[in-house]
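Observations on the three-dimensional arrangement
Spelled out, the chains give:
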Amino acid sequence: MSERYDAIVLGVGGTGSAATAHLATRGADVLGLERYDVPHGYGSSHGRSRMFRLAYAEDPAYVPLAKRAAELWDDLERATGRQLFYRTGSVDAGPADGELVAGSRRSCEQHGLEYEELSSAELTDRYPGYRLPEGYEAIYQPDGGFLEPEACTVAHVERAHRAGATIRARERVVDWRPTSDGVRVETDHDSYEADRLVVTAGAWAGRFVDALESVLVPERQVLAWFQPTEPDYFERERFPVWNIEVPEGRYYGFPVHDVPGFKLGRYNHREETVDPDAFEREPTQTDERLLREFAETYFPDGAGPTMGLGTCLFTNTPDDDFVLDTLPDYPQVAVGAGFSGHGFKFASVIGEILAELALDGETDHPIEPFAIDRF
């Protein structure tokens, strides 16, 4: 006989660990299944820092979710005694008439967020690590910062364990199917049954949700850590996290934290669509050169010798918005996917949303823009 649970979570990364914790703390008998280690470096929930920002240039509709996510990260810190969230402030910068600055300002004004407008010269006077062109502007918002993704996953798993959850790593899900009273999940080790299923499989989610197979696009992403030649400029106290829109693309970065080096990346790095099981995980000199040239231009005091390079995965949707929904034909299955390179900051609230969808069939959170049937 298969083991029976109230809910099974497929994938225990950033969002899956949060969903498992929220399900378990609500009293559900939950099983989390993860094909790799917990945590691991093969998906999207690693890299020592992930950005958090309330000034949301992409769409002001994300701001309420970000506010709730911040509350839940703070709650998780208190519950586990771990520091997970480092508040440095956030900077969105670019041409004064560009989309990034305008969108960031709009989200702040629409939701009453505290912010300052700084010229490029004013930004450099306050934070000397930044060297943006004349005519650029920056929106500074004091509540931004970064999260430690591996520590966040561990903290959610610890909370789930304390609430009675079972989590099995190194167990790959082969398939699942609906049953008359729930779902049956087959792995390379065993089979399990549950009333509900939550799919949080990252770049692999399309393999388990037919409606998303042709929608979700895994993309190779590369990060760099460069040794600052002026270390003081890139400490947390003097260097807010940032998004910058320049002719070369849109880039993002962090202060030095945990390992040597000022961290940065380019959104949609080299626009490489990949198979998450078969792509070049080892960064190349081409990857390094793309990021170094940017740093030398806009953060010259941070462009010293390379300290490290790393890869991760984006899983993009056509509109770069999330998928948070239950399956129309199988309402016992909730899906969180397609976070398009900007999802980790929301993992805490996404876990709450998925637990509510799984157990209650609905949520009060504003997730209408993330319906699966919009594609």
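Structural data are supplied above this passage.
One structure accompanies this document, and this report is about it.

Definitions and cut-offs
Residues numbered from 1 in each chain as written. Predicted model: local features only at pLDDT ≥ 70, side-chain atom pairs only at ≥ 80, totals over all residues. Heavy atoms only, no water. Helix = DSSP H or I, 4+ residues; strand = E, 2+ residues; numbered from the N terminus. Buried < 20%, exposed > 50% of the residue type's maximum accessible area, 1.4 Å probe, protein only. Contact = heavy atoms within 4.5 Å. Areas by Shrake-Rupley, 256 points an atom, 1.4 Å probe, with all protein chains shown as cover. Lys, Arg positive; Asp, Glu negative; His and termini not counted. Charge placed at Lys NZ, Arg CZ, Asp CG, Glu CD. Core = buried A, V, L, I, M, F, W, Y, C linked by side-chain atoms within 4.5 Å. Expected span 1.5 Å × (residues − 1). Pairing = 2+ DSSP bridges. Axes fitted to C-alpha atoms, helices over the stretch in contact; angles between N-to-C directions.

Before going further, it helps to examine the overall build of the protein chain. Along the backbone of the protein chain there are seven helices and 19 strands. A total of 375 residues make up the protein chain; the buried ones form 59% of that total. Sequence separation of at least 24 residues holds for 73% of the intrachain contacts in the protein chain that already meet a minimum separation of 6. With an accessible surface of roughly 14800 Å², the protein chain has 43% of that area assigned to carbon and sulfur atoms. Computed over 36 positive and 67 negative side-chain charges, the inter-centroid distance for the protein chain is 3 Å.

The biggest cluster of nonpolar side chains holds 53 residues, and the ones touching the most others in it are Leu23, Phe52, Trp73, Leu324 and Phe346. Where this core is concerned, the elements lending two or more residues are β1 (3–10), α1 (14–25), α2 (63–80), α3 (99–110), α5 (149–162) and α7 (347–360). When neighbours within four sequence positions are excluded, Leu324 is seen to be in contact with Val335, Gly336, Phe339, Ile350, Ile353, Leu354, Leu357, Ile367 and Phe370. Trp204, Phe208, Val333 and Val335 belong to the second largest nonpolar core, which has 32 residues in total.

Below, the discussion takes up α2. A rise of 1.5 Å per residue sets the reference length of α2, with its 18 residues, at 26 Å; its end C-alpha atoms lie 26 Å apart and thus fit the reference within 8%. Taken together, the buried positions of α2 are Val63, Leu65, Ala66, Ala69, Ala70, Leu72, Trp73, Leu76, Glu77 and Thr80. Where α2 ends, the next residue or the one after it, Gly81, has phi of about 70°, a positive value.

Before going further, it helps to spend a moment on the sheet that holds strand β14 (residues 241–246). The sheet built from eight strands is open, its strands ordered β6-β7-β5-β14-β15-β16-β13-β17 with mixed pairing. Where the open sheet ends on each side, the last strands, each with one partner, are β6 (116–119) and β17 (306–316). Adjacent strand axes in the sheet meet at a mean angle of 20° when their direction is disregarded.

Right, let's talk about the environment of Ile244 for a bit. Along the chain, Ile244 falls in strand β14. For Ile244, a relative accessible area of 0% translates into the label buried. Separated by 153 residues in the primary sequence, Ile244 and Val91 place their C-alpha atoms 8.0 Å from one another.

Quick look at the pairing of strand β10 (residues 173–179) now. In the sheet, β10 pairs with strand β11 (residues 182–187) via six bridges, with the strands oriented antiparallel. For Arg177, the partnering residue across the bridge sits in β11 and is Arg184. The hairpin formed by β10 and β11 contains two residues between the paired strands.

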